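Next come the chains, spelled out residue by residue.
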Amino acid sequence: MKKGWASVLLCLVMLVVVVGASACPRREAVVEPVAPQPREGGVLRVAITGNPVSLDPALQRDWISRQAIFYMYDTLVWLDEKEQPRPGLAESWEVAPDGLSVTFRLRQGVKFHDGTPFNAEAVKFNYDRMLDPAFNSRNLSIFEPIIAGVDVVDEYTVRFNLKRIDVNFLPEVSWSSMMVSPTAVELHGADFAANPVGTGPFKFKAFEPDSHLELVRNEEYWGGRPYLDGVMVRVIPEAATRLIELEAGNLDVVYTIPAKDYARLEAAGIPVERRKTPSFQMLALNLAKEPTSELAVREAIARAIERDVIIQEVLIGMAEKSRAGVASVSPFYHDDVPIIEHDPAAAERILEQAGWVRGADGIRSRNGVPLEVSILTSEHEERVLISQIVQEQLSRIGFKATVVTLEWGAYLTAMRAGDYHVSFWSLGGFSHLGSDGTANLKSDTHWNVSQIRHQPALAEISKRIDTIIDTAGATIDDQKRFGMLREFQAMSQEHQLKVWLWHSEALNTIQPWVHGARLYNYSIIWVDEAWLAR
Amino acid sequence: MRSYALKRVLLAIPTIIGVITLVFFALHLAPGDPVNMMLPPDLDGPVREEVVARIRAQYGLDQPLLVQYVNYLSRLARLDLGRSFRTNTSIADDLARRIPNTLQLGLLSLAVAITLGVGFGVVSAVRRDTPLDNATMFGALFGVSIPSFWFGFMLMLLFGLWWRVLPPSGFAGPITSWTGFRHAILPALTLGLAAAGALARFTRSSMLDVLTQDYVRTARSKGLAERVVIVRHALKNALIPVVTIMGIQLGAVLSGSVITETVFAWPGIGRYMVTGINTRDFPVIQATVLVVAVSFVLANLVTDLVYAFIDPRIRYD
Amino acid sequence: MTETGFAGPTIISVGGRIRRRLLRNRGALVGLCFLTLMVLMALLASQLTPYEPQAQNLLNRLEPPCAEHWMGTDELGRDVLTRVAYGARVSLLIGLLGSTGGLLVGVTIGLLSGYLGGWFDNLVSRIVDIMMAFPGVLLAILIVSVLGPGTSNLIVALTIWLTPAFSRLVRAAVLSLREKEFVEAARSLGAPAWRVMLKHLLMNSLSPIIVFQTLSVATSILVAAGLGFLGLGVQPPTPEWGAMVSTARHYLREAPHLILFPGLSIFVTVLSINFVGDALRDALDPRLHT
């Protein structure tokens, strides 16, 4: 009996030892050679926060999906730091004098992973597919108003005929022109997403949804044979889990690091790359609903928010205070638009003058109507946090503010229906006058969020904004657009159409042993030339 | 026996139909338009109307609710679970890929639960009211009352980061392989421990029940060694009622997987359902809840039949 | 749980003995003490600290426990002790209301279906079967994901979730009592149905109901915590233990105290309720009455 127990115990101990030994982290100190020579081999392990919507680039346009599939595809052009287009699969391009067509000269000798050639026919095929309403591409609503048709000029020349002059055409192409193999699409039909074929540095191997996407080297990549054997993209939804894996050295590249973890990771020797972005965060104000339809109330809200403290303490300084929606990294930034600072005394004064008087409970009211606002938020951690802060800071100046948390779909429905007063809103994208930015400023799109078109008193302003956006899109002269944007910003501040908050930095980690990886477009990391030093 | 089995099987059918109906109407009467999830948030104006109408038609959402219900039933009868709103993939395929992952995790955690639960339950009952018993029951309550995600993170920190003996998270193929098994250990422990607590308490009381029975006293009075009495006579009979709650434990493991799989990035049906809930992907929620409920009904059916089979005292009419 | 065999309307005389036996059980005593402490904390929440549960201080976030803040401060610089105390109100209320809701609905349905039998009983049994077909908390998850998150929706979900179990429990008890002599006697004396149900059937099946009710308070608190993790629980900034624990997981590394105190509160409460419930079961068990 006793012996039996002892042997069981011994087995257990041995098991632990074996398990321990086999799993011991090979974490010798990384000795940096003086001039690091690229080394071949190894699999780069990347973590993203959610499942890609689809492996077919035409069926998604969100960041997470991009971060998952980018390695398999190439775009015709890409945008550099200055938001200028650079050659990708297109070696050069030419905009017609009238601005109504763009002709691309394509790179020769490029092959899809299935061996079929990349040429003008393939480009036409890709865009025809995205423009086919029955296919329901996520890019349809972007390209349908711009592109009239695509013509094959010769084997390596393709011309896009445009419906209107649009300065956002090339930036949009840089985002939405990942080329897929026409042969593979015809072969797999609706199942193409399960068998994706592109021209990129890595080829599809396997996809386990909610777990990982496995990619292997494309030996014949036109940009040169990649050093890495492959890329393993892991889907890890919980931030805490992601960080534990990162600290355990099990991940090489991690997107979207929470600002609060920056210092701890740096202290642990894990570098976090901070990158300013032109994305903007703001409080959308419902302009068509009492009491936020009132200018005085909106002005008070703008002055109640203690942005400096929030940026310093909650965002750990990883954001830039927004002047009026345009970040200083944007070519469209200017510093002559008034900035609205935290000024609770002024906020209270404005409310007093408008007749909102504090009651015994500290809540302001006018003619028996309490100053009540609902702060709508989706259930994302950061949004809930910011919404609670806004609630508290509004209640300090006499608002009766409540936070309403809804799940994302219900949240969007409530936003569209105008069932809110205040809501934290965040938009990424290119420069402020890039397609995402502009599309979101028009009264029938983004202003939906502020309900401006339902507010008769602001009809003139709404019309003016629409005109600005429409003409800006068709104005090729940068200086002229610069002026238009300034006019828009001034109007937005004068009428307090929204509360500009800040521009968050993008925080991503590339481990020190990864060389040659480049951060592109703020939140996508290029690894075609990357190699591992261990 | 045969007629009892037949009756139980027949009774399971209306239950399953009821589950289908309940889930369908609950989700379709819920506020919030699922179509919103299929559109980029910045899409609006006439293009939006057009796209919305097309999507509604494509998914049959423009039909009256009853027609949608009948269509849904007829598709179910052909084992067609529909396509995901978000990814447009076949849900039957998605589930077929994930069910084995959850099942492996479930079985492993059930093994953990049974080993620990029954083991500690028996010891506890035999050494009734000793410090060992008290400690065990305290531990069992601890297992029941700590949030499983906290426990999961703690295991991950301990074994994954500080001691680095096990991979903190992720899925690496079936648990029949060594790496696959190693990846499954922490989530299985997390899932199994909560169930072990409940099982230990149940085993203890069942064992105590048996230990006071006449045949155990007889066995003792015959002068048999205490160990023999406990293992041969008491344990065998005490475990019969324990079998009945196995089905319920399986249910706990199934519903616990919703949280555990999210924490450990495990690609099973729990994680699938959470994604479905977060994105209001109705067909996905519908199908997952359905599959889980039906397998639970079947598991309970099997345990009932096993119970009837192993316990000859039970007569059903 | 069908050990409801004791017959006769002797509840009153048994009462004193139960109380004595309960108090003799050390676990139950400790449990009762802790529960009293929790209830006191909930009642006196506003007197306990000089802070408001919602009052933020962004300059003082994630402070570890110190003299001014005995349990530290949270991600918005709010005092954790204050929030734990106010959280006791919300969490205990959720536990009590959820389980009481399930009790009231479930017991009513169970009584009627057990007493009336026939098609009504059949119908109820089928519906209960359907609801019990959802394993664990799945039904609660489904209901909250349909109704949307929030305190009242959570209570509704808990009520619906607990109803079938109560109903099945009571029905079983009633079935075993229905044919007993004293029930037959009451009926033949012309007592109205409601009287038979309430006075004879309900009063005599009280013990398993009480035990189950006690334990389901604990379960409800735990389910609320689990739903909090999925974003389906009580919504911020309302202080609730489960919601606090689930938010705290984002700060597990830099501020482990955030999860400790609300987590400990849940644990102690659940543990105490379980001790009391177990002691109640023993005290009410007729087989130990001799």
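The structure this text deals with has already been given above.
Residues numbered from 1 in each chain as written. Chains lettered and ligands numbered in written order. Predicted model: local features only at pLDDT ≥ 70, side-chain atom pairs only at ≥ 80, totals over all residues.

Trainee: Would you take a moment to explain the packing of helix 4 (residues 80-116) of chain C against helix 12 (residues 257-284) of chain C for this structure?
Mentor: The angle between the axes and the distance between the axes are what describe a pair of packed helices. Residues and elements named next belong to chain C. Across the interface, helix 4 lies against helix 12 with an axial gap of 10 Å and an inter-helix angle of 25 degrees. In this view, helix 4 runs roughly parallel relative to helix 12, as classed from their interaxial angle. Note that helix 4 runs across helix 12; the crossing there is right-handed. Where helix 4 approaches helix 12, its residues V80, V84, G87 and A88 are matched on the opposing element by L258, F261, P262 and S265. (Axes fitted to C-alpha atoms, helices over the stretch in contact; angles between N-to-C directions. Helix = DSSP H or I, 4+ residues; strand = E, 2+ residues; numbered from the N terminus. Parallel < 35°, antiparallel > 145°, perpendicular 65-115°, else oblique. Left-handed = near helix turned anticlockwise from the far one by under 90°. Contact = placed C-beta atoms within 7 Å.)

Trainee: When you look at helix 1 (residues 2-28) of chain B in this model, what are you seeing that I'm missing?
Mentor: In an α-helix, one full turn covers 3.6 residues, which means residues spaced three or four apart are oriented alike. Relative to the 39 Å expected for 27 residues at 1.5 Å per residue, helix 1 of chain B spans 40 Å between its end C-alpha atoms, a close match to the ideal helical length. All of the buried residues along helix 1 of chain B are T15(B), V19(B), I20(B), L22(B) and V23(B). In the core, the buried residues of helix 1 of chain B are packed alongside helix 3 (65-77) and helix 11 (282-310) of chain B together with helix 5 (118-132) of chain C. (Expected span 1.5 Å × (residues − 1). Buried ≥ 20, exposed ≤ 12 C-beta atoms within 10 Å, placed from the backbone.)

Trainee: What is the right way to look at the pairing of strand 1 (residues 43-48) of chain A in this model?
Mentor: Looking along a regular strand, one sees the side chains alternate between the two faces of the sheet. Residue and element names in this part refer to chain A. Most of strand 1 sits out of view: five of its six residues are buried. Note: strand 1 against strand 11 (residues 253-254), two bridges, orientation parallel. By the bridge assignment for strand 11, A47 is matched with V254. (Pairing = 2+ DSSP bridges.)

Trainee: Please clarify how unusual backbone geometry should be interpreted in this entry.
Mentor: Glycine aside, negative phi is the norm for most residues, and most peptide bonds take the trans geometry. Residues and elements named next belong to chain A. With an omega of -5 degrees, the peptide bond running from E290 to P291 counts as cis. Tracing the chain through its elements places P291 in the loop between strand 13 (280-285) and helix 9 (295-304). The phi dihedral of I316 is positive, around 50 degrees, even though this residue is not glycine. Tracing the backbone through its elements, the reader meets I316 in the loop between helix 10 (307-314) and strand 14 (319-321). Residue I316 is classed as partly exposed on the basis of its 16 C-beta neighbours within 10 Å. Of note, the phi angle at Q496 is positive, near 45 degrees, even though the residue is not glycine. For Q496, the position within the fold is in the loop between helix 17 (478-494) and strand 21 (498-510).

Trainee: What's the story with helix 9 (residues 193-204) of chain C in this structure? I'm lost.
Mentor: Residue and element names in this part refer to chain C. Across its twelve residues, helix 9 extends 16 Å between first and last C-alpha, which sits within 8% of the 16 Å expected from 1.5 Å per residue. Burial in helix 9 covers these residues: M197, H200, L201, L202 and N204. Tucked into the core, helix 9 has its buried residues touching helix 4, helix 7 (151-178), helix 8 (181-188) and helix 10 (206-229).

Trainee: Teacher, can you tell me more about the sheet that holds strand 16 (residues 364-366) of chain A here?
Mentor: Backbone-to-backbone hydrogen bonds pair the strands of a sheet. The strands run either parallel or antiparallel. All names here are of chain A. As summarised here, the arrangement of the three strands in space is 15-16-17, forming an open sheet in which the pairing is antiparallel. Whereas interior strands pair on both sides, the edge strands pair on one side only; in this sheet they are strand 15 (357-358) and strand 17 (369-370). Summarising the sheet, strand 16 and strand 17 pair through two bridges and their orientation is antiparallel. Residue pairing in the sheet places S365 in a bridge with P370 of strand 17.

Trainee: Looking at this structure, I do not really get the pairing of strand 7 (residues 157-162) of chain A. What am I missing?
Mentor: Residue and element names in this part refer to chain A. Inspection of the sheet shows strand 5 (residues 101-106) paired to strand 7 by five bridges, in the antiparallel sense. Among the inter-strand pairings, F104 is bridged to a residue of strand 7, identified as V158. Direction of pairing for strand 6 (residues 147-154) relative to strand 7: antiparallel, over a ladder of six bridges. Considered in strand 7, the bridge of G149 is made with N161. The turn joining strand 6 and strand 7, which pair antiparallel and follow one another in sequence, is formed by two residues.

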